[in-house]
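Architecture and fold: a report
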Amino acid sequence: MNPCGRTVCNFNDWRQRVTTVVSRTATRGKCRRCPWAQSCQKRSQTTDAKHDPVSEKPRLSALDLAQKIRDSATKKATQPPLSTQQKRVLDIKRFSTQLQNVHPNVLAKHLHRSVLYQDNDVVVINKPYGVPVRDDTGVTSISSVLPVLSKMMTGNKIKSDFNLLPCLRLEKEASGALLLAKRAEVVERLLDLQRNHQVEMTYWVITVGVPVPSVGIIDIPIIEREVTGPQPHYKMALSPLFKMNDSGDGLTKIRAHRQAHPAVTKYKVLDSSSGCSLVELQPCTGVKHQMRVHMAFGLTCPILGDHKYSHWNKLAPQKLPERVLKKLGLEQSKSRHLPLHLFARRLTAAGSQPGQRQRFLSRAQILHTNVQPAAADAAL
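Residues numbered from 1 in each chain as written. Predicted model: local features only at pLDDT ≥ 70, side-chain atom pairs only at ≥ 80, totals over all residues. Heavy atoms only, no water.

Rules: UniProt positions are given in the numbering used here, feature names are shortened, and annotations may be inferred rather than shown by experiment.
As named in an unreviewed UniProt entry, the protein chain is Pseudouridylate synthase RPUSD4, mitochondrial, taken from Takifugu bimaculatus. Recorded in UniProt under Sequence similarities (unreviewed entry), the annotation for the protein chain is "Belongs to the pseudouridine synthase RluA family." What the UniProt record of the protein chain gives under Subcellular location (unreviewed entry) is the line "Mitochondrion".

Structure follows, in structure tokens:
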């Protein structure tokens, strides 16, 4: 005890007390009956598991990371390069998707550069593939940009001299000559000419198979039917007026369906190669999907890229013969990317001059005048 009355312990006594406290704590931690010890043990195990270097994902060193990058580059290099046909298909798909989502001014500029013919009444443009004509799909359509196109064609005046209006229908998947009217009365006049069969549209299509005979007229009514199954849907189908008799040596006329529409299509095979044909079509009527149905179900030669009418009872990509796939440089699993090979090649209206008839031809004819039309190689 010091003079102030306090107890003083030397260093050895202090060390001995600390050792005693530590040993008691260690003993208590080993005790399984003590709940405090069990909770401390669980916390320590959890902390150890979090920081366990074995359980953690090992980090890659600089050498390992460089080797991994080299391996991925080598794997890409060993993959076979895309053929010209595959690149063309992917480019068309990407281009059509971009046109449907671009600003209307961008699409209007593209259409302005693709004007084929114009006069005081009509304008003919080269419609791109995959862009709809009407505003019924929620994407940028040709009708939605016609006001902008009208201003561009009049020199961007504050008030345009005319308003372009679509007057003849062209499918979204089709491309080629599209007729536009500058005034509402011109639309009515052209529709009257169409009803009187005085407007002639000529299409080029690539078919899977060779139609027999090579020249003919398909006169089979068309009706819309429901297809039941795992994927119920509606599609156009044939509604013939004749059927084979019981003896199999003649035809018997049957009653026409009230909801069927008369449909007539002229066709002519221009060339054939590798199991495909280049066919010229002239629809005499304007039934929905008329040419596609007549070629697929009437002649059993569906249009290349027509995935809807290549099968009747299901929705699936078009099944192509092996030699067609080889010619196109495609695999069957990639055939779903093939676009519909339906092209509006020529448009003729009654009363136009011979020179004007020539200008109504689509741009593809001008580009391919000196090219021999090989069916499997013809690109839209």
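1. A look at the overall build of the protein chain
Quick reminder of the rule: Per the convention used, a helix needs a DSSP run of H or I reaching at least four residues, while a strand needs a run of E reaching at least two, with both numbered from the N terminus. In this scheme, a residue with accessible area under 20% of its type's maximum is buried, one over 50% is exposed, and one in between is partly exposed, where area comes from a 1.4 Å probe on protein chains only. All accessible areas in this document rest on Shrake-Rupley with a 1.4 Å probe, and a residue is counted as covered only by the protein chains that are shown.
When helices and strands are counted, the protein chain shows eleven helices and 13 strands. Looking at the protein chain as a whole, 37% of its 380 residues are labelled buried. Roughly 24300 Å² of accessible area belongs to the protein chain as shown, and the carbon and sulfur atoms make up 53% of that amount.

2. Some details on the nonpolar core
To keep it simple, the criterion reads: Grouping buried Ala, Val, Leu, Ile, Met, Phe, Trp, Tyr and Cys residues that are joined through side-chain atoms within 4.5 Å yields what is termed a nonpolar core. Domain borders in the structure are assigned automatically or taken from a domain database. Contacts between residues were defined by any pair of non-hydrogen atoms, one from each residue, lying within 4.5 Å.
Among the nonpolar cores identified, the biggest contains 50 residues, and L164, L179, Y203 and L281 are the most heavily contacted of them. Sort the elements by how many residues they give to this core and helix α6 (residues 142-153) lands first, with six residues. Per-domain counts for this core show at least three residues from each of domain 1 (83-196) and domain 2 (200-367). Those residues within four positions of L164 in sequence are excluded, and the remaining contacts are V123, L146, L149, S150, M153, L180, A181 and K182.

3. Observations regarding helix α5 (residues 104-113)
Operational definition: Directions pointing from the helix axis toward each C-beta atom define the arc.
Within α5, burial applies to L107, A108, H110 and L111. For α5, the arc enclosing every buried residue in end-on projection is 160°, short of the 170-degree limit, so these residues lie on one face. On its buried side, α5 packs onto α4 (84-101), β1 (115-118), β2 (122-127) and α6.

4. Quick notes on unusual backbone geometry
The linkage connecting V212 with the following residue, P213, adopts the cis geometry, with an omega of 0°. Inspection of the secondary structure assignment puts P213 in the loop between β5 (199-208) and β6 (215-219). With phi around 60°, H197 is a residue other than glycine that occupies positive phi space. By secondary structure assignment, the location of H197 is in the loop between α7 (184-195) and β5. We classify H197 as exposed; its relative accessible area is 59%. The phi angle at S274 is positive, at roughly 55°, despite the residue not being glycine. Of note, S274 is situated in the loop between β11 (264-273) and β12 (276-283). A residue is classified by how much of its surface remains accessible, and S274, at 25% relative accessible area, is partly exposed.

5. Description of the pairing of β12
Put simply, the rule is: Strand pairing is defined by DSSP finding a minimum of two bridges between the two strands.
The element β12 is extensively covered by neighbouring structure, given that seven of its eight residues are classed as buried. Where β5 meets β12, six bridges bridge the pair, whose relative direction is antiparallel. Bridge pairing in β12 links W204 to E280. Pairing of β11 with β12 involves eight bridges; the strand directions are antiparallel. What sits directly across from S273, in β12, is C276. Connecting β11 to the next strand, β12, in antiparallel fashion are two residues, including S274 with a positive phi near 55°.

6. Examining the packing of α5 against α6
This is how the line gets drawn: Fitted lines through C-alpha atoms serve as axes, helices being fitted only where they are in contact, and the angles separating the N-to-C directions of these axes extend from 0 to 180 degrees. Throughout, a crossing is termed right-handed when the near helix is turned clockwise from the far one, and left-handed when it is turned anticlockwise from it by less than a right angle. Asp, Glu, Lys and Arg are counted as charged, while Ala, Val, Leu, Ile, Met, Phe, Trp, Tyr, Cys and Pro are counted as nonpolar; the rest, among them Gly, fall into the polar class.
Contact geometry for α5 and α6: axes closest at 8 Å, N-to-C directions at 65°. In this structure, α5 meets α6 at a crossing whose hand is right-handed. Between α5 and α6, the residues in contact are P104, N105, L107, A108, K109, L111 and H112 and I142, V145, V148, L149, M152 and M153, respectively. Its residues placed into classes, the contact of α5 with α6 shows ten nonpolar, two polar and one charged.

7. Some remarks on the environment of R323
In this structure, R323 sits in helix α9 (residues 322-328). In the structure, R323 is positioned 48 residues away from G275 in sequence and 7.2 Å away in space, judged by C-alpha atoms. When near neighbours in sequence (up to four residues on either side) are disregarded, R323 contacts S274 and G275.

8. Overview of α7
Put simply, the test is: What a helix should span is 1.5 Å times the count of its residues minus one.
When the terminal C-alpha atoms of α7 are compared, their 17 Å separation across twelve residues agrees well with the 16 Å that a helix rising 1.5 Å per residue should span. Considered for burial, the residues of α7 that qualify are V186, V187, L190 and L193. Summarising the axial view, the buried residues of α7 lie within an arc of 125°, below the 170-degree limit, and thus occupy one face. The inward-facing, buried residues of α7 contact β2, β3 (165-166), β4 (175-181) and β5. Positioned one or two residues after α7, H197 has a phi angle of 60°, which is positive.

9. Here's the deal with a nonpolar patch on the surface
Definition in use: Patches were defined on residues exceeding 30% relative accessible area and lacking a salt bridge, with like-charge contacts within 9 Å and nonpolar side-chain contacts (Val, Leu, Ile, Met, Phe, Trp, Tyr) within 5 Å. Just to be clear on terms, a salt bridge is a Lys or Arg side-chain nitrogen sitting within 4 Å of an Asp or Glu carboxyl oxygen.
A cluster of nonpolar side chains, F242, M244 and L251, forms an exposed patch at the surface whose accessible area comes to about 340 Å². Mapped onto the elements of the fold, M244 is located in strand β9 (residues 242-244).

10. Remarks on the environment of P232
With respect to the element layout, P232 can be found in the loop between β7 (222-227) and β8 (233-238). On the basis of relative accessibility, which here comes to 55%, the residue P232 falls in the exposed class.

11. A word on the side chain of E280
What counts is decided by this rule: Positive: Lys, Arg. Negative: Asp, Glu. His and the chain ends are not part of the count.
By the element assignment, E280 lies in strand β12. Despite being buried, E280 has no salt bridge partner; R346 is the closest side chain of opposite charge, sitting 4.2 Å away. Once residues within four sequence positions are removed from consideration, E280 is found in contact with T202, Y203, W204, K266, Y267, K268, L270 and R346.

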